[in-house]
Amino acid sequence: MTSTRSLIRRAALGTVAVTAALVLAACGSDDGGSDSGAGAGSAAGESAPASAATTAEAHNDQDVSFAQGMIPHHEQAVQMARMAESRASSSKVKDLAARIEKAQDPEITTMSGWLKAWGEDVPTSMPGMDHSMHGTDGSSDPGMPGMMDTEDMDELMRESGKGFDSMFLTMMVEHHEGAVEMATTEKEKGRYAPAKEMAADIITAQNAEIEEMNKLLGKS
């Protein structure tokens, strides 16, 4: 009797277990279909846009202006620095110029990458070197502080020796001061964290170089 009841009980439990499994499977199929379409898809979908958002969305107009302005600004500094290789007489000026080029060249590449990721135009010429970017009175574009105009660059190109050293340092101090001004605006008003970090680095590095150049000029 006990054996019979035990068998009946086991059979009943087995039926309940099978029924429960079927119900759970059905529920899992219904919910899973919607979850995998919305949940898994959403998880995958959120992952891609999230990384894209880091570059493409988490920025503002100031970040764009900073990159589009600082690229030609850096390009001009690099051009000036390369002149020093063959025209400067002071080893200290040559060393400074080499450091400027080494620091600013990679930043140009980085900022160009940001602009491409944001779908923005990457500058292809230096406003300070293009008369079309000057005001009607021939002055430099007020949006590009510290940029040299064509006449300044031509004059620097004609110099050599100590004359070059003095002019290079004087012009580069002004150029750096302009870069610090632009970087300060980015640090205060920008949104894109890497751009703000670069701006902070520019402020620190170029202020130090301004002090160094003023010493070489005998001003401090």
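Structural data are supplied above this passage.
Since the structure is predicted, the reported quantities are computational estimates derived from the model, not experimental observations.

Criteria and thresholds
- Residues numbered from 1 in each chain as written.
- Predicted model: local features only at pLDDT ≥ 70, side-chain atom pairs only at ≥ 80, totals over all residues.
- Heavy atoms only, no water.
- Helix = DSSP H or I, 4+ residues; strand = E, 2+ residues; numbered from the N terminus.
- Buried < 20%, exposed > 50% of the residue type's maximum accessible area, 1.4 Å probe, protein only.
- Contact = heavy atoms within 4.5 Å.
- Areas by Shrake-Rupley, 256 points an atom, 1.4 Å probe, with all protein chains shown as cover.
- Core = buried A, V, L, I, M, F, W, Y, C linked by side-chain atoms within 4.5 Å.
- Salt bridge = Lys/Arg side-chain N within 4 Å of Asp/Glu carboxyl O.

Undergrad: Can you walk me through the overall build of the protein chain in this structure?
TA: Along its length, the protein chain carries 6 helices and 0 strands. Written out in order from the N terminus, the α and β elements of the protein chain read α-α-α-α-α-α. Taking all 220 residues of the protein chain together, the buried fraction comes to 34%. Pairs at least 24 apart in sequence give 74% of the contacts found in the protein chain among residues at least 6 apart. Carbon together with sulfur atoms contributes 54% to the accessible area of the protein chain, which is approximately 12300 Å² in total.

Undergrad: Explain the nonpolar core here, please?
TA: A general trend in soluble globular proteins is that nonpolar side chains are found buried together. F66, M70, M80, M111, W114, L156 and F168 are the most contacted members of the largest nonpolar core, which totals 45 residues. Going through the elements one at a time, α2 (61-87), α3 (91-118), α4 (150-158), α5 (161-189) and α6 (193-216) are the ones with two or more residues in this core. The contacts of L156, once residues within four sequence positions are left out, are M80, M83, R87, F164, M167, F168 and M171.

Undergrad: Whenever I open this one, the environment of I203 confuses me. Can you help?
TA: Relative to the helices and strands, I203 is located in helix α6. In this structure I203 comes out as buried when scored by relative accessible area, which is 16%. For I203 and E177, which are 26 residues apart along the polypeptide, the C-alpha to C-alpha distance reads 9.1 Å.

Undergrad: When you look at the pattern of salt bridges in this model, what are you seeing that I'm missing?
TA: Within this structure, the stated rule accounts for 5 salt bridges. Ionic pairing is found between E212 and R99, a salt bridge with its closest N-O pair at 2.7 Å. With a gap of 113 residues between them, E212 in helix α6 and R99 in helix α3 connect regions that are remote in the sequence. Judged by its relative accessible area of 33%, R99 is partly exposed. Ionic pairing is found between K215 and E211, a salt bridge with its closest N-O pair at 3.9 Å. Separated by 4 residues within a single helix, K215 and E211 lie in helix α6, roughly one turn from each other. Accessibility expressed as a relative area gives 51% for K215, which makes it exposed. Shared partners join several salt bridges into a network, and the residues in it are R82, E101 and D105.

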